[in-house]
Number of protein chains: 2
Amino acid sequence: MDSINSMILKCLQENARMSNSEIGRRVGMSSPAVSERIKKMEDAEVIEGYKTFVSPFKSGYQLKALITLRAFMGMLKPFLEKVKTYDEVVNCYRITGNENIVMEVVLKNQEHLESFIDQLITYGETKTQIVLSHVVKHSEIKPV
Amino acid sequence: MDSINSMILKCLQENARMSNSEIGRRVGMSSPAVSERIKKMEDAEVIEGYKTFVSPFKSGYQLKALITLRAFMGMLKPFLEKVKTYDEVVNCYRITGNENIVMEVVLKNQEHLESFIDQLITYGETKTQIVLSHVVKHSEIKPV
DNA sequence: GGTGAAAGCATCTGGTG
DNA sequence: CACCAGATGCTTTCACC
């Protein structure tokens, strides 16, 4: 992990679809050299993947919420499997403290929110916070 | 937004660096047609961007946390500007309720967590939850 | 890590339904 | 208007230095 790899990661975090030769131009290197460095970072799992951000709003989801779950005794493990299958859950974190889970979810409307929360009550107590705005959206990781 | 665009979005969400011709092969279309459809979805802001996921762990951040902030009177607005400048903040949501803000932050170690929280106390009261695991990581948006 | 040839890809153009 | 097919110029890949 040298300064050139950091510059490559900066380019790719800004725009994952940037071509290797464009990256090469910016970092002062040939495109095969860039390609090889990227491949090594993928193999080392420094790069975990390339994702496209799709607007939930424009895709028919009018509501975003953070839902906190405090799982009932013995229900955390089954929930951790189940949560992977919910289309509504964009992100899910397991956390320390009395509350075990925080999820970022997208929903069509209030009715959808209600029915989604109903699905959760078998697993634990929930707390819902509606997201008013996503102030910082996946800002880039800067190497230490 | 027809079924072909949905298939294109599925490909791009799975791997943002997939080539247009590979997408074309999967959806049964020529690459110029795919390219044009992608361009239109970018213009319509259905596609918000293409981002690379870099491992915070492999980048020197040993801790991830969710920090909730309850802003002091008159401090929310200045905080909403300030938060964009913190390298530690990967995501920041403004939410309803007594607590105004939830942030996903990456930190080098406990010391770094402490100094980061110290920076926040001028803006409000904080609550910190350490992330044990990121169970679901930016799962794809499925069109309604 | 660079270079050069060959294959593959993106983009533009003109033409079709 | 959306798509395809063919031509052109980039890009990627792989051999080799």
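Our structure's up above, just so we're on the same page.
Below is a summary of the structure that appears in this document. (Residues numbered from 1 in each chain as written. Chains lettered and ligands numbered in written order. Predicted model: local features only at pLDDT ≥ 70, side-chain atom pairs only at ≥ 80, totals over all residues. Heavy atoms only, no water.)

Description of the protein's contact with DNA strand D
Operational definition: Only heavy atoms are used to decide nearness, and a residue is near a molecule or strand if one of them lies within 4 Å of it. Residue type decides the class: Asp, Glu, Lys and Arg count as charged, Ala, Val, Leu, Ile, Met, Phe, Trp, Tyr, Cys and Pro as nonpolar, and the leftover types, Gly among them, as polar.
Every residue lining DNA strand D is accounted for by S19, N20, S21, R25, S31, P32 and S35 of chain A together with M29, S30, A33, R37 and K40 of chain B. Of all atoms in DNA strand D that approach within 4 Å of the protein, 87% are sugar or phosphate atoms. For the surface near DNA strand D, the per-class residue count stands at three nonpolar, six polar and three charged.

Observations concerning the protein's contact with DNA strand C
Rules: Under the rule applied, a polar contact is a pair of N or O atoms within 3.5 Å (in protein, one hydrogen donor and one hydrogen acceptor; residues adjacent in sequence only if both atoms are side-chain atoms). Where helices and strands are cited, they refer to DSSP runs of H or I of at least four residues and of E of at least two residues respectively, numbered from the N terminus.
By nearness alone, every residue bordering DNA strand C is listed as M29, S30, P32, A33 and R37 of chain A together with S19, N20, S21, R25, S31, P32 and S35 of chain B. Counting only the atoms of DNA strand C that lie within 4 Å of the protein, the sugar and phosphate share comes to 81%. A distance of 2.7 Å separates a phosphate oxygen of DNA strand C from a polar atom in the side chain of R37 of chain A. Within the contact set of DNA strand C, a phosphate oxygen lies 3.4 Å away from a side-chain nitrogen or oxygen of S35 of chain B. Looking at the surface near DNA strand C, the elements with two or more residues in it are α3 (31-43) of chain A together with α2 (20-27) and α3 (31-43) of chain B. For the surface near DNA strand C, the per-class residue count stands at four nonpolar, six polar and two charged.

Overview of the packing of helix α1 (residues 3-14) of chain B against α2 of chain B
All names here are of chain B. We apply this condition: Axes here refer to lines fitted to C-alpha atoms; in helices the fit is confined to the stretch in contact. Angles between the N-to-C directions go from 0 to 180 degrees. For this classification, under 35 degrees means roughly parallel, over 145 means roughly antiparallel, 65 to 115 means roughly perpendicular, and everything else is oblique. When the near helix sits turned anticlockwise from the far one by under a right angle, the crossing is termed left-handed; a clockwise turn instead gives a right-handed crossing. Whether two residues are in contact is decided by their heavy atoms, any of which lying within 4.5 Å being enough.
The interhelical angle for the contact between α1 and α2, taken along N-to-C directions, is 130 degrees, at an axis separation of 10 Å. In terms of orientation, α1 lies oblique with respect to α2. For the crossing formed where α1 meets α2, the hand is right-handed. Across from I4, M7, I8, C11, L12 and E14 in α1, the residues of α2 making contact are I23, R26 and V27. Its residues placed into classes, the contact of α1 with α2 shows seven nonpolar, no polar and two charged.

A few points about the packing of helix α1 (residues 3-14) of chain A against α3 of chain A
Residue and element names in this part refer to chain A. Contact geometry of α1 with α3 gives a least axis separation of 11 Å together with a crossing angle of 85 degrees. In this view, α1 runs roughly perpendicular relative to α3, as classed from their interaxial angle. Where α1 approaches α3, its residues I4, N5, I8, L9 and L12 are matched on the opposing element by V34, R37, I38 and M41. Within the contact of α1 with α3, the residues separate by chemical class into seven nonpolar, one polar and one charged.

Some details on the pattern of salt bridges
Under the convention used in this document: Salt bridges are defined as contacts in which a side-chain nitrogen from Lys or Arg sits within 4 Å of a carboxyl oxygen from Asp or Glu. Three exposure classes are used, based on accessible area relative to the maximum for each residue type with a 1.4 Å probe and protein chains only: buried under 20%, partly exposed in between, and exposed over 50%.
What the rule picks out here adds up to 24 salt bridges over all chains. Where D43 of chain B meets K39 of chain B, a salt bridge forms, and the shortest distance between an N and an O atom there is 3.3 Å. Note that D43 of chain B and K39 of chain B are positioned in helix α3 at a spacing of four residues, about one turn of the helix. With relative accessibility at 46%, the residue K39 of chain B sits in the partly exposed group. When salt bridges with common partners are traced through the structure, they connect E14, E22, R25 and R26 of chain A into a single cluster.

Concerning the interface of chain B and chain A
Applicable threshold: The term buried area refers to how much accessible surface (probe radius 1.4 Å) is lost by two components on association, counted for both of them together.
Across the boundary between the two partners, chain B contributes 61 residues, which contact 61 residues of chain A. Taken over both partners, the interface formed by chain B and chain A buries close to 6,200 Å², and the fraction arising from carbon and sulfur atoms is 55%. Between the two partners, chain B and chain A, sit six salt bridges. Close ionic contact of E48 of chain B with K137 of chain A constitutes a salt bridge, the shortest N to O distance being 3.4 Å. Those elements that provide at least two residues to the side of chain B that touches chain A are α1, β1 (47-54), β3 (89-95), β4 (101-107) and β5 (124-136) of chain B.

Observations concerning unusual backbone geometry
With phi around 45 degrees, H138 of chain A is a residue other than glycine that occupies positive phi space. By the element assignment, H138 of chain A lies in the segment after β5 (124-136).

Comments concerning the relation of the copies chain B and chain A
To go from the first copy of the chain to the second, apply a rotation about an axis and then a shift along the same axis. Test applied: The copies were overlaid by least squares, fitting only the C-alpha atoms of residues that reach a pLDDT of 70 or more in each copy.
When chain B is fitted to chain A, the residual RMSD is 0.0 Å, and the transformation amounts to a turn of 180 degrees plus an axial shift of 0.0 Å. The symmetry that links the two subunits is that of a two-fold axis. Comparing contact sets, 100% of the residues at the interface of chain B also lie at the interface in chain A, consistent with an isologous, same-surface contact.

Brief notes about the packing of aromatic side chains
Short version of the rule: Here a pair means two rings of Phe, Tyr or Trp (six-membered ring of Trp) with centres within 6.5 Å. Their orientation is stacked below 30 degrees between planes, edge-to-face above 60, and tilted elsewhere. Our definition puts a charge over a ring when NZ of Lys or CZ of Arg is within 6 Å of the ring centre and also within 35 degrees of the ring normal.
Scanning all chains against the criterion turns up five aromatic pairs over all chains. Between the aromatic rings of Y86 of chain B and F116 of chain B, the centroid separation amounts to 5.2 Å while the plane-to-plane angle is 80 degrees, which identifies the pairing as edge-to-face. With Y86 of chain B in the loop between α4 (76-82) and β3 and F116 of chain B in helix α5 (residues 110-120), this pair connects stretches of sequence that are 30 residues apart. Here the basic side chain of R17 of chain B rests over the ring of Y50 of chain A, its NZ or CZ set 5.4 Å away from the ring centre. Stacked on the ring of F53 of chain A, the Lys or Arg K51 of chain B has its end atom at 5.4 Å from the ring centre.

Coordinates in, geometry out; function isn't part of it.
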